[in-house]
Amino acid sequence: MMLVRAFVSHYRRHPFQLAALALMIVLATMLWTGVTVLTDQARNSLFQSEEAVAAGVHVVRTDGRPVRVEDFAELRMAGLCVAPWLEVRRPPPAGRVIGIDPLAMGCFGKAAPGGNRGELDGAPFLDISAAVRLAREGYDSRLYLLASTENETLPQGYALREFSLGPSTGELADSFLLNLDALSLLVLLITGLLVRSVHRLGIAQRQDSFDLLFRFGVPGRRVRQLLALELVVLTGVCVLPGLWLGTQLAAILGGGFGQALNSLFDVNLYAGAAESLPWQAAAVMVLLVLAVCLVDWLVPRRWQRAVSSARGRLLAVLVLFAGLAGVALAPDLAGVFAGTAVVFVAAGWLTPGLLALSAQKLSDGTDLDGSGPLTRWRRRELAVMFGHLALPVVALQFAMATVLAVQALVTTFESTFDDWLAQRLEAEFYVEVPAGADAGLAAERLQNLEGIGPWHRVTRGEAVISDEGAAGEDKTAVVDLFALTPVSELVVDWTLLASMERPWQRLAQGAVMVNEQLARRHQLELGDTLEFRVADTEMGANIVAVYADYGRPAGEILVSGSALPEDFSARFESFSVNPGEWAMAEISEQLADVWNVSDVTVRDNASIHALASQVFGQTFLLTRAISLLTLVLAAVALLIMSWVFFSTRAWYFRLLGIWGLPAGAIHHQLRRLSVTLTLAVTITAIPLGIWLTWVLVSRINPLAFGWSLPMDLYPLFWLELGLIAVVTGLVVAYLMRWQLVQRENGKQVKS
Amino acid sequence: MADPVLVVERLSKRFSSGGQPVTVLTDLSFNLAKGESLAVVGRSGSGKSTLLNLLCGLQVPDKGNITVTGESFSESVNSDSDARWTELRRRSIGVVFQQANLMPALSLEDNVRLRSHLAGHAAGHERGWLERLGIGAEADRYPDQVSGGQAQRAALAMVFAMAPAVILADEPTGSLDRNTADEVADCLFAMQRDSGCALVLATHDRELASRCDHLLDLSALHLGGTD
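Residue positions are given per chain, counted from 1 along the sequence in the order it is written. Whichever chain is written first is A, and whichever ligand is written first is 1; the rest continue in order. In keeping with the predicted nature of the model, local features appear solely for residues at pLDDT of at least 70, side-chain atom pairs appear and are counted solely at 80 or more, and the whole-chain, interface and lining totals rest on all residues. Neither water nor hydrogens contribute to the side-chain values; these are computed over all heavy atoms in the structure.

- Under an unreviewed UniProt entry, the name given to chain B is ABC transporter ATP-binding protein, and the source organism is Marinobacter orientalis.

Set out below in structure tokens:
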């Protein structure tokens, strides 16, 4: 008992250090739990959404009219498995709700949407009776009849269509999840570094006590056992509030996140807040804390010494280059992730030493005239700080690099997606061709409308390409076929990643364009002749352009509608129309007349564009928020570490005062020291952040999804980060100054 | 007595300890002329360090006046007195502690250069001061690379490099063995004589105290000659 008392006496004398370690474990657990809960929710929601609409088809009337309850009754009486899906759109923040009938869903052979709990848990899924009440209040609503794919024969007047509530953006969702996974790993790495740094500082300060215990005959093993026990108890106590805070964080961020998934990806956060504390996240955090704090006992001392030796640094440089080469050349995602991890390890290994060396060199080169000696001292102190604060410095560097990369990726994503969406929604209106209607007749009618703006007919279907390649590998694949009739001026501003001269004219004359995914997957280049089969017709055409695309992972061929064979069967048809001198309502009437239906479905592309852009911003709010929270955590850790570390250096600032340096000048030195420290970390974070951005846009995205993003740099972010660094440095200086003033209150110079 | 560089008049200082006032100094007065040395002795807690703190303006007396090189200070504190004390410490008062006198991030030579620079002297003579104290060969080494005796010699070099009017030394040999302590003390007194500055030396070491011109025993509050 006495031994335990002696053991913890350090924390009785320095309760702040214990509080700092506890706070760091709590915050690290909070961040990790928050990220884990949100990522799991996103993944589960995607999975559940797929489960919920696994049928993938819904029943439509061939006369183009919307389905009604009577249709549901008729289909059920015919013995078919159909289920009503009543979608009611309310203005934000209430958002969309979906009324379903769990009993009707039962015939699908799987649980109803809303999870496997056999009950509906409120928004977005409601019992259909509640949704009907909302619809009757005047909210915009639409009824769908989901059908099982097993339904082969439908009564007369009905047809099956793919069930899709919005644009297909499955790959964006996957990309988003991949980003979250990568971010989670980085958060884990950074929090591990921060916890280790605070713990190690405490151990260093308690080393004298441990030595004393050893001299009193306490075996080193016993000391280590007590240290491990102390850490287990502390972690156990701190992980619980961290878990709770993490779930609260997830609940706060989950609101915007859920709305984003709901609107953009057709994914709903079914579960809302976590049902129970995520114990797996807690277990990971406990293991992480124990691992990072006790790793010194597992790694032989000579290895630890080797890390900071000259040979160790040379090895780190070699590891760095190996990692860089690995990322550049790896043929798959696993290789890129492994190479990235290696580069981060090497960067963390080298950075503190490089910064200390730079400060030392600067110090050696200081002009000793003027205030030179004081400047030399400050730079030497800086070198010492880089050495002693290595772990929090590296953690801050990683956090800053992550923020830079995420910000650059998101901004690039936003602008690229916005451009892409603007191109795809170039026309003012979009008219869906009703099932069974003749799109050719409508095209003739539009052709004859004088004063109408640019328009084109969109025909979608499938093609099969067969490219055996040089190695004889069979690459036969079903790809999307996208036909435009005519090739109107609505498409001529599309972003083409590569093109021959006059690509659109050539397309109209029978050439083809391919999307980036298809070009990458089949190594297609401009001028190649693409052989493909449409229906039963073998076709071949020159590739005149490769265009950017963020969907359709199987690849897509763009052709002129005039090139389609007679036996081609369209899967989907629509018109993109600029009404020109006509009112859109008049054009709708014309088309309804041609198709002999009471009404046609017209979408306003501008509002869709605005909504999609807004939703896209919300989607990445989460990524930004987590990366910024990580940065805040790293900055707070640096504050704590600097403050604690400064307590060991405060005497030397006090000595300056004894030597007659005015208090204002001492505080000025403090500010310069701490701001230089944080700014230097920022400077090392920028190249790492740029490199990470390149990895994300040019390596991970193409390998994962077949498309890349442009590599844009955003110096404004660098400035923002520099500003954050300055603020962090000033706060550190303020804390140091506060500590100095507190110590000066004693006015003791006795050594 | 020649013109005094240090005049202490009716100096009093009290602390509060456990809620109870503890009187450390009461009506203490003495003068010290240029080239003179004063040993301050007394049991632990008798106020030796407090007196040195008061003499360099790091603490403020409850009563009394202190005059250093003509600059006079009373118990009243304001920004002007703070600035004057700071200036005095910078240029005229050299302070030596038992240990931790050096900046650990700087070499011995750079430590001397920094102290000399703060006192307003141009760079160039640092190595010479270290050589005079017998540690010229250690000039490029860092404080944690030299012995305690060498570090104290470096601390003395720093003080003499600033050419002070008064040196306040608080147990400067307290952490050294007898032989090293004697060597450091020899350096201190020899260079004090050479420079002609006044010296106030707080020590438990009666033998060291006996080398000073005057002795102040705070336990007995007795001021008188050593012989």
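### A look at the overall build of chain B
Here is step 1: Summing up its helical and strand segments, chain B has seven helices and ten strands in all.
Here is step 2: The buried share among the 227 residues of chain B stands at 56%.
Here is step 3: Taking contacts inside chain B between residues at least 6 apart in sequence as the whole, the part at least 24 apart equals 69%.
Here is step 4: About 9300 Å² of surface is accessible on chain B, with carbon and sulfur atoms providing 44% of the total. Starting at the N terminus, helices and strands are each numbered in turn, a helix being any DSSP run of H or I of at least four residues and a strand any DSSP run of E of at least two. The cut-offs for exposure are 20% and 50% of the maximum accessible area for each residue type, with area from a 1.4 Å probe on protein chains only; residues under the lower value are buried, those over the upper are exposed, and the others partly exposed. Between two residues, a contact is recorded if the distance between any of their heavy atoms is within 4.5 Å. Note on areas: Shrake-Rupley, 1.4 Å probe, and residue coverage restricted to the protein chains presented here.

### Side note on the overall build of chain A
Here is step 1: Within chain A, the regular secondary structure consists of 20 helices and 16 strands.
Here is step 2: Per-residue burial over chain A gives 51% buried out of 751 residues.
Here is step 3: Considering only residue pairs separated by 6 or more positions, chain A has 82% of its internal contacts joining residues 24 or more positions apart.
Here is step 4: Approximately 33800 Å² of chain A is accessible, and the part contributed by carbon and sulfur atoms is 58%.

### Observations regarding unusual backbone geometry
Here is step 1: Residue A:Thr485 is joined to A:Pro486 through a cis peptide bond whose omega torsion reads -10°.
Here is step 2: Residue placement: A:Pro486 occurs in the loop between strand 9 (477-485) and strand 10 (496-499).
Here is step 3: Phi is positive for B:Arg10, which is not a glycine, with a value near 50°.
Here is step 4: Inspection of the secondary structure assignment puts B:Arg10 in strand 1 (residues 4-17).

### Quick notes on the pattern of salt bridges
Here is step 1: Salt bridges are identified by distance alone: a Lys or Arg side-chain nitrogen within 4 Å of an Asp or Glu carboxyl oxygen. Taken as a whole and judged by the stated rule, the model has 24 salt bridges over all chains.
Here is step 2: A salt bridge links B:Asp110 to A:Arg380; the nearest nitrogen and oxygen atoms lie 3.3 Å apart. One end of the pair, B:Asp110, is in helix 3 (residues 108-118); the other, A:Arg380, is in helix 12 (residues 372-388), on a second chain.
Here is step 3: Taking the relative accessible area as the measure of exposure, B:Asp110 reaches 6% and is therefore buried.
Here is step 4: One salt bridge connects B:Arg178 with B:Asp205, and the closest N-O pair in it is separated by 3.1 Å.

### Things to note about the nonpolar core
Here is step 1: If you look at the biggest cluster of nonpolar residues, it comprises 195 residues, and the most contacted ones within it are A:Leu656 and B:Leu6.
Here is step 2: If one sorts the elements of this core by residue count, helix 18 (residues 605-658) of chain A sits on top with 20 residues.
Here is step 3: Residues within four places of A:Leu656 in sequence aside, it is in contact with A:Leu374, A:Trp377, A:Leu661, A:Ile666, B:Met103, B:Leu114 and B:Leu118. Put simply, a nonpolar core is a bunch of buried Ala, Val, Leu, Ile, Met, Phe, Trp, Tyr and Cys residues held in one set by side-chain atoms that sit within 4.5 Å of each other.

### Quick word on the confidence of the model for chain B
Here is step 1: A score from 0 to 100, pLDDT tells how confident the predictor is in each residue. Here chain B averages 83 in pLDDT, while 96% of its residues score no lower than 70.
Here is step 2: Low pLDDT, under 50, characterises residues 222-227 of chain B; the predicted model gives this stretch 17 contacts beyond four residues in sequence or across chains.

### Observations concerning a positive patch on the surface
Here is step 1: What makes a patch is a set of residues exposed beyond 30% relative accessible area and free of salt bridges, joined within 9 Å when like-charged and within 5 Å when nonpolar (Val, Leu, Ile, Met, Phe, Trp, Tyr). Two residue types count as positive, namely Lys and Arg, and two as negative, namely Asp and Glu; His and chain ends fall outside the count. In this description, the location of a charge corresponds to atom NZ of lysine, CZ of arginine, CG of aspartate or CD of glutamate. A cluster of basic residues, A:Arg221, A:Arg224, A:Arg301 and A:Arg305, forms a positive patch at the surface.
Here is step 2: Within the secondary structure, A:Arg224 is located in helix 7 (residues 220-264).

### A closer look at empty space enclosed by the protein
Residue and element names in this part refer to chain B.
Here is step 1: For cavity detection a 1 Å grid was placed over the protein atoms alone, and a set of points counts as a cavity when a 1.4 Å probe fits there but cannot get out; an open set counts as a pocket when protein lies on both sides within 12 Å along at least five of seven lines, with lining residues being those that have an atom within 4 Å of a point. Grid points are joined across faces, edges and corners, and a volume is the space filled by probe spheres set on the points. This structure, assessed with the given rule, holds eight cavities of 30 Å³ or more.
Here is step 2: Each pocket or cavity is described by its volume, and for the largest cavity that value is around 100 Å³.
Here is step 3: Residue lining of the largest cavity: 13 residues in total, with Val60, Pro61, Phe73, Ser74 and Trp85 positioned closest to the centre.
Here is step 4: In terms of residues, the lining of the largest cavity owes the most to one element, helix 2 (residues 79-91), which gives three residues.
Here is step 5: Classification used: nonpolar for Ala, Val, Leu, Ile, Met, Phe, Trp, Tyr, Cys and Pro, charged for Asp, Glu, Lys and Arg, polar for all others including Gly. A class-by-class count of the residues in the lining of the largest cavity yields seven nonpolar, five polar and one charged.

### Concerning helix 13 (residues 390-424) of chain A
Here is step 1: When the terminal C-alpha atoms of helix 13 of chain A are compared, their 50 Å separation across 35 residues agrees well with the 51 Å that a helix rising 1.5 Å per residue should span.
Here is step 2: Burial within helix 13 of chain A is extensive, with 28 of its 35 residues counted as buried. Between the first and last residue of a helix there are one fewer steps than residues, each counted as 1.5 Å, and that sum is the expected span.

### Structural notes on the sheet that holds strand 2 (residues 20-33) of chain B
Residue and element names in this part refer to chain B.
Here is step 1: Strand pairing follows a simple DSSP-based rule, namely that at least 2 bridges must link the two strands. Read across the sheet, four strands follow the order 2-1-4-5 without closing on themselves; strand pairing throughout is antiparallel. Whereas interior strands pair on both sides, the edge strands pair on one side only; in this sheet they are strand 2 and strand 5 (71-73). On average, each strand axis in the sheet is inclined to that of its neighbour by 20°, with strand direction left out of account.
Here is step 2: Sheet topology places strand 1 next to strand 2; ten bridges connect them, and they run antiparallel. Along strand 2, the bridge assignment pairs Leu6 with Leu32.
Here is step 3: The convention used is that axes are lines fitted to C-alpha atoms, helices contributing only their stretch in contact, and that angles between N-to-C directions extend from 0 to 180 degrees. Against the sheet, helix 1 (residues 48-55) engages strand 1, strand 2 and strand 4 (63-68), with an angle of about 125° to strand 1.
Here is step 4: Helix 2 rests against strand 4 and strand 5 of the sheet, and its axis sits at about 130° to strand 5.

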